[in-house]
2 protein chains.
Amino acid sequence: MSVVLPGIEQIRDAAARIAPYAVVTPVLRSARLDALVGAELHFKCENLQRGGAFKFRGACNAVWSLDDEQAARGVVTHSSGNHGNALAMAAATRGIPAHVVVPEGAVRAKLEAIEQAGAVLHRCAPTQAAREAAAAEVQQQTGAELVHPYADARVMAGQGTLVLELMRQVEALDALITPIGGGGLASGCAIAAHGIDPTLVMYGAEPAGADDAARSLARGARIESLQAETICDGLRTLIGEPNFAALRSHRTQVITVTDDETIAAMKLLWRELKLVVEVSSATVLAAVLKQREHFTGRRVGLVLTGGNVDLDALPW
Amino acid sequence: MSVVLPGIEQIRDAAARIAPYAVVTPVLRSARLDALVGAELHFKCENLQRGGAFKFRGACNAVWSLDDEQAARGVVTHSSGNHGNALAMAAATRGIPAHVVVPEGAVRAKLEAIEQAGAVLHRCAPTQAAREAAAAEVQQQTGAELVHPYADARVMAGQGTLVLELMRQVEALDALITPIGGGGLASGCAIAAHGIDPTLVMYGAEPAGADDAARSLARGARIESLQAETICDGLRTLIGEPNFAALRSHRTQVITVTDDETIAAMKLLWRELKLVVEVSSATVLAAVLKQREHFTGRRVGLVLTGGNVDLDALPW
C-alpha cells in the first residue's frame, strides 16, 4: 500500500470537519504524578472522546471526507476494537452504511457495541490476511470505501487533531508521548506537533512484547512480521508503512515497557487521576516513569488513548 | 450545637478564598446516560477535586477563614475519611498543624494518606461520642480550631462553591442532586443554588440503609439516632442539625436508593463516563434512574462527590 502522509493543513481541515461531532477532551493533571516523575505532566483525556477512544477522530474525518456519491455506498474496515466501533459511530453521524469485518473470537461486548452503533458485522478467520481479504470482498460487493485503521491519511489527520487541541490547552509543551500500535496516532500526532513547533520532542510507548516500532527504528527498516505477546490489546499491531516513515522523519523515540510496568501505571492513573483508562493507554505513563531522565523538569503531554475496559476483568 | 447557616455572600467569599488552592472541576456528559434517563445530565466531577473529593472545598475555606493567631494553633477534626484528608491537605496549604481524630479500625490506606498530607493522627474508640470527646481533648490541649465535617458554616459555604462553578459552566439548570450524609454538601449546595436561582429544584440521594434525612423531612423533625447499614461509607452519618434546617427551608426532596441500585449506577458511571467514582457518589445517578419521572426533559446537575476507591476491593 502506498499512502501519502497528511500535512498540518490536512490536520487543520480535519479539525474543522470533525468539530460538530467530536468532543474537545479535557487535559487533566495530578500533583502526585508530577512529583513522582519530577516533570509537569499534562494528560490529554481521549478516554473521554466519543466512543471512549481517540479513534473517533480519524474515523469521523474519513467519513466526512467522502463526496456524497462515495458516502452513499458506505464505509468498511477490519477491526474488532475501538476503530471498528468508531467507524460505526462516525458513519451514523452521516447516516451512511458501515461494514466492520471482525475476527472469530472477538470479545462479544465489543461486537455488540459495534452493532448497536448501526454497523453490519462480517465474520472472518482471526488472521491479518483473512481480515484484509474479507474487507476487500465487502468493498467489491458494496462499493464501500475502505477506511484502514492506521495506514490512511484521513485517519492519521483525524488523530492528529487532538494535538491541535492539546497545544491550545497547554502552552509550550517540551515533549509529547503516545502509545504506538499501528502508528496512526503516533504519526498523526508527530505531524501535527511539528507543524506547530518543530522543536517538540516526540516519544512513543510500546509494549516490550510488541516492540516492532522500536526494533524497526533501531535497524532503520520496517520489520514485517510480529508475534505480539502483550496484555495491551490495542497495541499488538505491526506498525504501518506510512506510519513508520512518519515516525522516522519526525525522530520519534520509542520507549518499551513490560506489561507489569504498564499494569502498575494503569492502576496509578486510576488512583491518582480518577480516570478509567485502558491498559494500552497506560504505556505512556509507564514509559515516562521508566525513563524519567528524558522528562525531568519538562512539560510533557501524554495521550490517554481510551477507556473501554471490561470492568469485570481488571488486570490486577 | 448551634450553627448559623451561611448565605450566598459567604459562599462567594469562600470561592474567592479557595480559588488559589482548589481545582475548578470539569463538568462531563454522556449521550448514553442522557438517553437512559431521558434528561440532560451534567456531572460535576468533584472526584477530580484536590484530594479526590469535594471535601477539600469546605476544609480549605475553614482553614483560610482563620485569623493568623488562631491559624497558628492549628485545626482539628474527627474523620477517617475524605474530610480528615481534606483538612490535612488544606492545613498544609497554610503551613499550620492539623490534628485528625480517627476511630480504631479505620482503613489503613486512608490513615496513611492523612499522615502523608502532614496531619497528626489521634486514635479513639469507633463511636460518635468517643470521636467528639477525643477531638475536644485535642482542642483543649492545643488550642486548635475544630472544623466539623458538616455542621460548620465555613464548611457548608466551601462545599457550596461547587454550585457557583457549575452554574457558570451550565446555563439554566432545572434541578440539582447531591448525595446526603451529614448534609454539609446538600445544604451548602442548596443555599448556593437558590441564591442564584430560587426556582431550581433541589434533590438529595440517600441510601435506604441510612435514610435519616428522608425520614426526618417526612416527619418534620430530625431523627436523632441511626443504625446505618449501607455500603456507602461516606453517607452513614446522621444529618446535622443546621444541615437539616437548610434542607427543610430549601425544600430538598430526598430519593432513597438501595445499595444494589447504587452499585449498578456506579458501574454505569465508570463505563460510560470513564470516571473512577466512589460508591457514595453513585447514589445520585441511582436516584435519577429510579425516579426518572422527576427529571424527564430537564437539565439536571449531578454532583459526583469523590473518587477515593480501593481498586482491589470493588463492589462488583
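Residues numbered from 1 in each chain as written. Chains lettered and ligands numbered in written order. Predicted model: local features only at pLDDT ≥ 70, side-chain atom pairs only at ≥ 80, totals over all residues. Heavy atoms only, no water.

Brief notes about the packing of aromatic side chains
Two aromatic rings are characterised by how far apart their centres lie and by the angle between their planes.
Next up, step 1: The tally for this structure, following the rule as stated, stands at seven aromatic pairs over all chains.
Next up, step 2: On the numbers, 4.7 Å between centres and 55° between planes, the contact of Tyr203 of chain A with Phe295 of chain A is tilted. A residue pair is termed long-range when its members are at least 10 positions apart, and Tyr203 of chain A in strand β8 (residues 201-207) and Phe295 of chain A in the loop between α13 (283-290) and β10 (299-304) qualify at 92 residues.
Next up, step 3: Here Phe295 of chain A falls in the buried class, since its relative accessible area comes to 0%.
Next up, step 4: Both rings, one in Tyr21 of chain B and one in Trp64 of chain B, keep their centres 4.9 Å apart while their planes meet at 10°; by these two values the pair is stacked. Taken together, the residues Tyr21 of chain B in the loop between α1 (8-18) and β1 (27-28) and Trp64 of chain B in helix α3 (residues 55-65) connect sequence positions 43 residues apart.
Next up, step 5: Looking at Tyr21 of chain B, the relative accessible area reads 22%, which means it is partly exposed.
Next up, step 6: By relative accessible area, Trp64 of chain B is classed as partly exposed at 25%. (Phe/Tyr/Trp six-rings, centres within 6.5 Å; stacked < 30°, edge-to-face > 60°. Helix = DSSP H or I, 4+ residues; strand = E, 2+ residues; numbered from the N terminus. Buried < 20%, exposed > 50% of the residue type's maximum accessible area, 1.4 Å probe, protein only.)

Structural notes on the nonpolar core
Next up, step 1: Within the largest apolar cluster, 81 residues are counted, with the highest numbers of intra-cluster contacts made by Leu41 and Trp270 of chain A together with Leu41 and Trp270 of chain B.
Next up, step 2: If sequence neighbours within four positions are ignored, Trp270 of chain B has contacts with Trp270, Val276 and Leu311 of chain A together with Leu275, Val276, Val277, Val309, Leu311, Leu314 and Trp316 of chain B. (Core = buried A, V, L, I, M, F, W, Y, C linked by side-chain atoms within 4.5 Å. Contact = heavy atoms within 4.5 Å.)

Structural notes on the interface of chain A and chain B
Next up, step 1: Between chain A and chain B, the residue contacts involve 17 residues of the former and 17 residues of the latter.
Next up, step 2: Together, the buried faces of chain A and chain B total about 1600 Å²; carbon and sulfur atoms form 62% of this surface.
Next up, step 3: Three residues, Lys274, Val276 and Leu311 of chain A, lead the burial of chain A against chain B; their summed loss comes to 37% of the area buried on that side.
Next up, step 4: Viewed at the interface, chain B and chain A are joined by two salt bridges. (Buried area = accessible area lost by both parts, 1.4 Å probe. Salt bridge = Lys/Arg side-chain N within 4 Å of Asp/Glu carboxyl O.)

Quick word on the UniProt feature "domain: Tryptophan synthase beta chain-like PALP" (unreviewed entry) in chain A
Next up, step 1: The positions that UniProt labels "domain: Tryptophan synthase beta chain-like PALP" (unreviewed entry) are, in the present scheme, residues 23-306 of chain A.
Next up, step 2: A helix fraction of 46% and a strand fraction of 17% characterise residues 23-306 of chain A, whose end C-alpha atoms lie 13 Å from each other. (UniProt positions renumbered as here; feature names shortened; annotations may be inferred.)

A look at the relation of the copies chain A and chain B
Next up, step 1: For these two chains of identical sequence, chain A goes onto chain B by a turn of 180° and a shift of 0.0 Å along the axis, with RMSD 0.0 Å. The relationship between the two copies is best expressed as a two-fold rotation axis. No C-alpha of chain A approaches the rotation axis more nearly than that of Leu275 of chain A, which lies at 2.4 Å.
Next up, step 2: A shared binding surface is used by both copies, with 100% of the interface residues of chain A retained as interface residues in chain B. (Least-squares fit on C-alpha atoms with pLDDT ≥ 70 in both.)

Concerning the sheet that holds strand β3 (residues 75-78) of chain A
Residue and element names in this part refer to chain A.
Next up, step 1: Taking strand neighbours across the sheet as the criterion, the four strands line up as β5-β4-β3-β6 in an open arrangement whose pairing is parallel. A strand with exactly one partner marks an edge of an open sheet, and here the two such strands are β5 (120-124) and β6 (145-146).
Next up, step 2: Relative to β6, β3 runs parallel, the two being bridged by two bridges. Within the sheet, the bridge partner assigned to Val76 lies in β6 and is Leu146.
Next up, step 3: Helix α6 (residues 108-116) rests against β4 (98-103) and β5 of the sheet, and its axis sits at about 145° to β5. (Pairing = 2+ DSSP bridges. Axes fitted to C-alpha atoms, helices over the stretch in contact; angles between N-to-C directions.)

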